[in-house]
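This is what each chain is made of:
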Amino acid sequence: MAHVSQYWLRADTFAAANAAAGFPDLNGFGRRAMDLSYDEVRTDTLYQVGALDAFARAGGGRLSHILPHGRLGNLVVTDSEYARAVTDAVAAYDDDLIVVTQEGELARTAREIGLKVGIMFLADRGYEDDGTLVRRTEPGALIHDADTIAERTVRMATEGVVTSIHGTDVHVDCDVVLLHGDHPEALANGRALRTALESAGVRIAPLRTVLHGKDRETTEACAAV
């Protein structure tokens with residue numbers, strides 16, 4: 001399953017298109033674990049990226065980045081075989097695509113083969129002490145309060161830390177902020193988040209601009225998709 005990160009009608013109405021490739025778990029929206037082989041993950045990723053890119057190109061645009069979705073997105077952080085399957089699919093299709101993920105196996109594998117990597121912070125998800133996400137079935141996994149989302153994201157952008165569900169300050173790198181849009185509070189949360197970041201002096205820019213800036217010098221720019 002894959003979807004575009006922003007709704008669009010024509011090429012000049014959206015900033016970037018994201019391939020959110022995930023497990024073929026339609027009923028569970030890709031959020032349930034599946035025991036797949038390297039070849040299955042690689043071909044499923046290649047299929048989803050290629051199909052979505054076809055729709056983007058038909059509308060006059062093109063894909064910018066790939067962000068593994070749901071349970072696959074969690075597993076590629078720690079599972080080297082799943083991570084290699086995703087990066088091999090991206091490299092085979094278009095090595096100009098940015099791989100968006102948390103720091104971990106996928107980021108490491110992507111860098112090793114020369115792919116661009118954007119490290120994401122999930123603004124509305126709880127973190128464990130080791131920097132991984134709290135499972136959605138556990139208390140504290142999801143955050144819907146706009147003020148809490150804004151406050152923790154500003155702290156992450158300016159101090160590089162997020163407080164875990166256990167009260168521990170955890171170091172988190174960030175090139176791009178992810179805010180989920182599949183609940184009623186999403187629009188209000190997004191507006192509050194942007195206002196808070198701008199008020200804190202954080203420059204919001206396209207992901208490629210942020211990564212280009214990192215190549216030249218360390219910046220406090222943080223992208224939002």
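Residues numbered from 1 in each chain as written. Predicted model: local features only at pLDDT ≥ 70, side-chain atom pairs only at ≥ 80, totals over all residues. Heavy atoms only, no water.

### Topic: the overall build of the protein
Part 1: On a plain count of helices and strands, the protein comes out with 7 helices and 8 strands.
Part 2: Within the protein, the proportion of its 225 residues that are buried is 47%.
Part 3: Taking contacts inside the protein between residues at least 6 apart in sequence as the whole, the part at least 24 apart equals 60%.
Part 4: Accessible area for the protein stands at about 11,200 Å²; split by element, carbon and sulfur atoms hold 50% of it. (Helix = DSSP H or I, 4+ residues; strand = E, 2+ residues; numbered from the N terminus. Buried < 20%, exposed > 50% of the residue type's maximum accessible area, 1.4 Å probe, protein only. Contact = heavy atoms within 4.5 Å. Areas by Shrake-Rupley, 256 points an atom, 1.4 Å probe, with all protein chains shown as cover.)

### Observations regarding the packing of helix H1 (residues 38-58) against helix H3 (residues 80-93)
Packed helices, taken two at a time, are described by the angle their axes make and the gap between the axes.
Part 1: Two elements in contact, H1 and H3, have axes whose closest approach is 8 Å; the angle formed by their N-to-C orientations is 40°. Considering the angle they form, H1 stands oblique to H3. Relative to H3, the crossing made by H1 is right-handed. Counted together, Tyr38, Val41, Arg42, Thr45, Leu46, Val49, Gly50 and Asp53 of H1 and Glu81, Tyr82, Arg84, Ala85, Val86, Asp88, Ala89 and Tyr93 of H3 form the full contact between these two elements.
Part 2: For the contact of H1 with H3, the per-class residue count stands at 9 nonpolar, 2 polar and 5 charged. (Axes fitted to C-alpha atoms, helices over the stretch in contact; angles between N-to-C directions. Parallel < 35°, antiparallel > 145°, perpendicular 65-115°, else oblique. Left-handed = near helix turned anticlockwise from the far one by under 90°. Nonpolar A, V, L, I, M, F, W, Y, C, P; charged D, E, K, R; others polar.)

### A look at the pattern of salt bridges
Part 1: Here the structure, examined in full by the defined rule, presents 12 salt bridges.
Part 2: With a closest N to O distance of 2.9 Å, lysine 214 and aspartate 175 form a salt bridge. Within this pair, whereas lysine 214 is found in helix H7 (residues 207-216), its partner aspartate 175 is found in the loop between strand E6 (169-171) and strand E7 (176-178), the two being separated by 39 residues in sequence.
Part 3: Residues joined in a network through salt bridges with shared partners are Asp96, Lys116 and Arg208. (Salt bridge = Lys/Arg side-chain N within 4 Å of Asp/Glu carboxyl O.)

### A short note on helix H5 (residues 146-159)
Part 1: In a regular helix each residue adds 1.5 Å, so 14 residues correspond to 20 Å; H5 covers 20 Å between its end C-alpha atoms and thus fits that length.
Part 2: Among the residues of H5, those classed as buried are Ala146, Ile149, Ala150, Arg152, Thr153, Val154, Met156 and Ala157.
Part 3: Against the buried residues of H5 lie strand E4 (116-122), strand E5 (161-163), E7 and helix H6 (186-199).
Part 4: N-cap assignment for H5: the residue whose side-chain oxygen lies 3.3 Å from the backbone N of aspartate 147 is aspartate 145.
Part 5: With its phi angle positive at about 75°, glycine 160 sits one or two positions after the end of H5. (Expected span 1.5 Å × (residues − 1). Polar contact = N/O pair within 3.5 Å; in protein donor to acceptor, adjacent residues only side chain to side chain.)

### Structural notes on H1
Part 1: In a regular helix each residue adds 1.5 Å, so 21 residues correspond to 30 Å; H1 covers 30 Å between its end C-alpha atoms and thus fits that length.
Part 2: In this structure, the buried side of H1 is in contact with strand E1 (17-19), strand E2 (63-66), helix H2 (70-75) and H3.
Part 3: Of the residues trailing H1, glycine 60 is marked for its positive phi of about 90°.

### Looking at the confidence of the model for the protein
A low pLDDT score tells you not to read the predicted coordinates there in detail.
Part 1: Put simply, the protein has an average pLDDT of 86, and 88% of its residues get 70 or more.
Part 2: Of all the helices and strands in the protein, strand E8 (residues 223-224) carries the lowest mean pLDDT, 58, while helix H4 (residues 105-112) carries the highest, 97.
Part 3: Contacts of residues 2-14 to residues separated by more than four positions or lying in other chains number 29 contacts, the stretch itself having pLDDT below 50. (pLDDT = per-residue confidence, 0-100.)

### Let's talk about the pairing of E4
Part 1: Counting buried residues along E4, 6 of its 7 residues qualify, which places the element largely inside the surrounding structure.
Part 2: Alignment of strand E3 (residues 98-101) against E4, held across 4 bridges, turns out to be parallel. By the bridge assignment for E4, valine 100 is matched with glycine 118.
Part 3: One crossover worth recording links E3 to the parallel E4 by way of H4, and it is right-handed.
Part 4: Inspection of the sheet shows E4 paired to E7 by 3 bridges, in the parallel sense. From the neighbouring strand, leucine 122 faces E7, where its bridge partner is leucine 178. (Pairing = 2+ DSSP bridges. Right-handed = clockwise from strand over helix to strand, strands pointing away.)

### Topic: the packing of aromatic side chains
Part 1: One pass over the structure, following the stated rule, counts 2 aromatic pairs.
Part 2: Here the aromatic rings of phenylalanine 23 and tyrosine 82 are separated by 5.9 Å at their centres, their planes lie at 75°, and the arrangement is edge-to-face. Of the two residues, phenylalanine 23 sits in the loop between E1 and H1 while tyrosine 82 sits in helix H3, which places them 59 residues apart along the sequence. Neither residue differs from the other here; phenylalanine 23 and tyrosine 82 are each classed as buried.
Part 3: Seen from their ring centres, phenylalanine 121 and tyrosine 127 are 5.6 Å apart, and the 10° between their planes marks the pair as stacked. Of the two residues, phenylalanine 121 and tyrosine 127, neither departs from the other in class, the shared state being buried.
Part 4: Here arginine 84 stacks its cationic end above the ring of tyrosine 38, 4.4 Å away from the centre of that ring. (Phe/Tyr/Trp six-rings, centres within 6.5 Å; stacked < 30°, edge-to-face > 60°. Lys NZ or Arg CZ within 6 Å of the ring centre and 35° of its normal.)

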